[in-house]
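# Structural description and commentary
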Amino acid sequence: MTKPLNIGMIGYGFMGRTHSNAYKRVNDFFDLAYRPILKAVCGRDEQKVRDFADNWQYESVETEWQQLIARDDIDAIDICSPNNTHAEIAIAAAEAGKMVLCEKPLSMNVEEGVRMVEAVEKAGVANTVWYNYRRVPAVTLAKQLIDEGRLGRIFHYRAQFLQDWTIDANLPQGGAALWRLDVNAAGSGVTGDLLAHCIDTAIWLNGRIRDVTAMTETFVTERMHNLTGKVEKVGIDDACAFLCHFENGSLGLFESTRYARGHKALYTFEINGEHGSIRWDLHDLHRLEYFDHREESIIRGWHDVHVTDGDMPYMDKWWVPGLQIGYEHTFVHQVADFLEDLANGQPSSPTFREALETQRVCESVLQSAAKRSWSTV
Ligand SMILES: NC(=O)c1ccc[n+]([C@@H]2O[C@H](COP(=O)([O-])OP(=O)(O)OC[C@H]3O[C@@H](n4cnc5c(N)ncnc54)[C@H](O)[C@@H]3O)[C@@H](O)[C@H]2O)c1
């Protein structure tokens, strides 16, 4: 018999859908002590939130997140709303004794993030942040290969996250879906939205980042604001690139932009070590490229590993070897790991404290770009 875990989800946009799908699917594929129950979903527009609840079979709705948190029949609050809401909701949820699953980035800035970590740790509630790319089986396999020492000493870590959806200068900022262009809702542009993913994966695979030197650019400096109806200054970074030193002595090179025409969500990374290298690409997410210099020279070359066999991370839970899974499964994996950690009384990585480290790097990147000098994390 599984124990019910009553979920109260806030926000029903893009992430609201991926998380709802994950909660519904997880027990069909993973053998777990807990079963998420779609108890309530919260959104400000009553008709829209009811439509969402009907579609995804949530038992009830709320239009104010404070009401959701006050309910005795909710065990865990899942924050799927814009970045400027994370801190207030997470702290209130923790103080009410609820578990908190928070979308990334953890917060608008480090100061908020510190308060969020203090709140969940003081309350002793389970917490995690949805850096879901860690749970792509090929990325988890990369972690395994690095931890086994197959690459040897690491020299280089290179990551990019490229998009092209904000090139049109007539695209407004603010409000539904476009809150990402409004610095007051998002905190930053590509740094917090896209590089935060790259930084989380990098810290997980290659350890802490010591210092950074960065440049940012805002290509379209004024946009109509949907909420005020006025043309307003754009406060976000449209593009960002930075160099860094990792604590293990390796060098990092990161780039993100929403102005790379032709790229929709091209997240890639490459790691070069003494014995070998690893390369991964979100557009081909079930493959891991691997090079091992110690192989006999007549067969030495890049291996294109199709990460679908049952002995590869998570894959024994899905289909048969050769049949791949996709983006939505990364969220199913994160829920499965969270529920397993909960049953074992373990912290579920990345915890708020771990996600705060990514926040510190993001803040150092933005500070470095503003000062045009190196910044220590
Ligand atoms: N893990 C990932 O890969 C990933 C991908 C996309 C977004 N995100 C993060 O998820 C969060 C949400 O992004 P999204 O793409 O789902 O946005 P979205 O615009 O699609 O949805 C946001 C939702 O929040 C609701 N909302 C806004 N303010 C609210 C409030 N005060 N109270 C209740 N509901 C409110 C909106 O009505 C909407 O339903 C952001 O923090 C974003 O950075 C993470």
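For the structure itself, consult the block above.
What comes next is a walk through the structure. (Residues numbered from 1 in each chain as written. Predicted model: local features only at pLDDT ≥ 70, side-chain atom pairs only at ≥ 80, totals over all residues.)

### Some remarks on the packing of helix 1 (residues 14–29) against helix 9 (residues 328–344)
What counts is decided by this rule: Whenever a helix is involved, its axis is fitted only over the stretch in contact; in every case the axis is a line through C-alpha atoms, and angles between N-to-C directions fall within 0 to 180 degrees. Only runs of H or I of at least four residues qualify as helices and only runs of E of at least two qualify as strands under DSSP, and these elements are numbered from the N terminus. Two helices that cross are described as forming a left-handed crossing if the nearer one is turned anticlockwise from the farther one by less than a right angle, and a right-handed crossing if clockwise. Contacts are defined on C-beta atoms placed from the backbone: any two residues whose C-beta positions lie within 7 Å are in contact. Amino acid classes used here: Ala, Val, Leu, Ile, Met, Phe, Trp, Tyr, Cys and Pro are nonpolar; Asp, Glu, Lys and Arg are charged; the rest, including Gly, are polar.
The geometry of helix 1 relative to helix 9 is characterised by a closest axis approach of 8 Å and an angle of 65° between their N-to-C directions. As helix 1 runs across helix 9, the sense of the crossing is right-handed. Residues T18, H19, N21, A22, Y23, R25, V26 and F29 of helix 1 lie in contact with helix 9, whose contacting residues are E328, F331, V332, V335 and A336. Considered class by class, the residues forming the contact of helix 1 with helix 9 number eight nonpolar, three polar and two charged.

### Points about the pairing of strand 8 (residues 209–217)
Note the cut-off: For two strands to be treated as a pair, DSSP must find at least two bridges joining them.
Two elements, strand 8 and strand 11 (residues 239–246), share eight bridges in a ladder whose sense is antiparallel. Bridged to E217 within strand 11 is A239. Pairing between strand 8 and strand 17 (residues 375–376): two bridges, direction antiparallel. Within strand 17, the position partnered with V212 by the bridge is S375.

### Concerning the site of the ligand
What counts here: Should the C-beta atom of a residue, placed from the backbone, lie within 6 Å of a molecule or strand, that residue is near it. Domain boundaries shown here were taken from an automatic or database domain assignment.
Around the ligand sit 24 residues in total, of which G11, G13, F14, M15 and E103 are the nearest. Broken down by element, the residue count for the shell around the ligand peaks at three residues, all from helix 1. Here the shell around the ligand is composed, by residue class, of twelve nonpolar, eight polar and four charged. When residues of the shell around the ligand are assigned to domains, at least three fall in each of domain 1 (3–131) and domain 2 (133–376).

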